[in-house]
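Observations on the three-dimensional arrangement
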Amino acid sequence: MGSTGTVLRELRGAQKTAKGVSLYSRYVNRPAGRVFAAAAYRIGLTPNQVTLISAAFTFAAIAAVALVRPSWGLAGAVYAGLAVGFALDSADGQLARLTGRGGPDGEWLDHVVDCAKMILVHTAVLISFQRFFGLPSQGWLLLPLGFLFTAVLTFCAGLLREQLGKAVVRPAAGGSGPGPVSRVRAVALLPADYGVFCLVFLLLGDRTAFRIGYAVLAVVHALFLVAFLAKWFRELKALRTVD
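No experiment lies behind these values; they were computed from the predicted model shown. (Residues numbered from 1 in each chain as written. Predicted model: local features only at pLDDT ≥ 70, side-chain atom pairs only at ≥ 80, totals over all residues. Heavy atoms only, no water.)

1. Comments concerning the overall build of the protein
Where we set the bar: Numbered from the N terminus, helices here are DSSP runs of H or I no shorter than four residues, and strands are runs of E no shorter than two. Two residues qualify as a contact provided that any one of their heavy atoms is within 4.5 Å of a heavy atom in the partner residue. Only the protein chains shown count as covering a residue, and every accessible area follows the Shrake-Rupley method with a 1.4 Å probe.
The helix and strand tally for the protein stands at 9 helices and 0 strands. Of the regular secondary structure in the protein, the N- to C-terminal order runs α-α-α-α-α-α-α-α-α. Looking at the protein alone, contacts between residues at least 24 apart form 83% of all its contacts between residues at least 6 apart. Summed over its atoms, the accessible surface of the protein is roughly 12,800 Å², and 67% of this surface lies on carbon and sulfur atoms.

Below is the structure:
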């Protein structure tokens, strides 16, 4: 794999399945991550180093939300930091699959960073609300706490669903694979995609618009949580009968 073009072609063959993935992740974040993974491969970075670089971009953007007065300049900088961090979060896994250098340590580190950013981003919004927003009522401070609860519960419940499913179900020999990709499902999942969530920070230049956009996303994520919990519970209940 000499040239960057060759590396990119190899990476296209090292993608996860697109099933259950939103259009943003499939057509924006994963391709961007592929470019970062190719660059990381060319300069000799390990997947774990890419994960840490992703964390640096993400946490710098989150810190700016908490510490800097909202403006249109801040909006662009925060979105750029979060979007690059998210693309690098895809790049580390792609690089691991390409090089065969992935392992439990890398998966653990990736999940730790994901959990940390989930907690910190809503904490930063709470701090920004208190410091800079001049809220119409103190009740608005409950919104980031509710969004934080929703995000963490979705993350933990989804991770448990995945791990418990693996523990119970063994892949069948000669299985048919993950099945067809639903375009309707990919569109429906857009509001729950972290990349789409990052877009709300482009509204930071207008505090009212940001507050409303953030509130709308909080409600949407809460509705998705209810739907996901019901779906995952049914799936795990059905696994009782699987040998």
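2. Brief notes about the nonpolar core
Rules: Take the buried residues of types Ala, Val, Leu, Ile, Met, Phe, Trp, Tyr and Cys, join any two whose side-chain atoms come within 4.5 Å, and each joined set is a nonpolar core. Per-residue accessibility, obtained with a 1.4 Å probe over protein chains only, is compared with the maximum for each type, and a residue is labelled buried under 20%, exposed over 50%, and partly exposed between these values.
Ranked by size, the top nonpolar core spans 35 residues in total, and within it Val78, Phe129, Phe197, Phe201, Leu204 and Phe210 carry the most contacts. Taken together, the elements giving at least two residues each to this core come down to α3 (47-67), α4 (72-99), α5 (104-132), α6 (142-168), α8 (194-199) and α9 (207-238). A total of 7 residues in this core trace back to one element, the largest contributor, which is α4. Ignoring anything within four residues of it in the chain, the contact list for Phe197 reads Val121, His122, Phe147, Tyr214 and Leu217. If you look at the next biggest cluster of nonpolar residues, it comprises 6 residues, including Ala37, Ala40, Ala91 and Leu95.

3. Details of the packing of α4 against α5
Definition in use: Helix axes use the C-alpha atoms of the stretch in contact, all axes being lines fitted to C-alpha atoms, and the angles between their N-to-C directions lie in the range 0 to 180 degrees. Our angle categories are set so that under 35 degrees counts as roughly parallel, over 145 as roughly antiparallel, 65 to 115 as roughly perpendicular, and the remainder as oblique. Crossing handedness is read from the near helix: turned anticlockwise from the far helix by less than a right angle, it gives a left-handed crossing, and turned clockwise, a right-handed one.
Interaxial distance between α4 and α5 falls to 11 Å at its minimum, and their mutual angle equals 165°. Judged by the inter-axis angle, α4 sits roughly antiparallel to α5. Pair α4 / α5 crosses with left-handed handedness. Note on element contacts: α5 touches α4 through Asp110, Asp114 and Lys117, opposite Phe86, Asp89 and Asp92.

4. Notes on a nonpolar patch on the surface
Just so we agree on the cut-off: Residues enter patches when they are more than 30% accessible in relative terms and free of salt bridges; like-charged ones are connected within 9 Å and nonpolar ones (Val, Leu, Ile, Met, Phe, Trp, Tyr) within 5 Å. Note on definitions: salt bridges are taken to be side-chain nitrogens of Lys or Arg within 4 Å of carboxyl oxygens of Asp or Glu.
Judged by side-chain polarity, Phe149, Leu153 and Leu229 come together as a nonpolar surface patch covering roughly 260 Å² of accessible area. Note that Phe149 resides in helix α6.

5. Side note on the packing of aromatic side chains
Let me state the cut-off plainly: Ring pairs shown here join Phe, Tyr and Trp side chains whose ring centres sit within 6.5 Å, with only the six-membered ring taken for Trp; geometry is labelled stacked below 30 degrees between planes, edge-to-face above 60, and tilted in between. In this analysis the charged atom, NZ for Lys or CZ for Arg, is taken to sit over a ring once it is within 6 Å of the ring centre and within 35 degrees of the ring normal.
For the structure on display, the rule yields 14 aromatic pairs. Geometrically, the ring pair formed by Tyr24 and Phe86 is stacked, given 6.4 Å between the ring centres and 10° between the ring planes. A residue pair is termed long-range when its members are at least 10 positions apart, and Tyr24 in helix α2 (residues 23-43) and Phe86 in helix α4 qualify at 62 residues. Each member of the pair Tyr24 and Phe86 is classed as buried. On the numbers, 6.0 Å between centres and 80° between planes, the contact of Phe129 with Tyr214 is edge-to-face. Placement of Phe129 in helix α5 and of Tyr214 in helix α9 is noted, with a sequence separation of 85 residues between them. As far as burial versus exposure is concerned, Phe129 and Tyr214 are alike and both buried. Ring pairs connect the aromatic residues Tyr24, Phe86, Phe129, Phe133, Phe147, Tyr194, Phe197, Phe201, Phe210 and Tyr214, which therefore count as one cluster. Sitting above the plane of the Tyr194 ring, Lys117 keeps its charged end 4.3 Å from the centroid. The aromatic ring of Trp140 is capped on one face by Arg211, whose charged end is 4.6 Å from the ring centroid.

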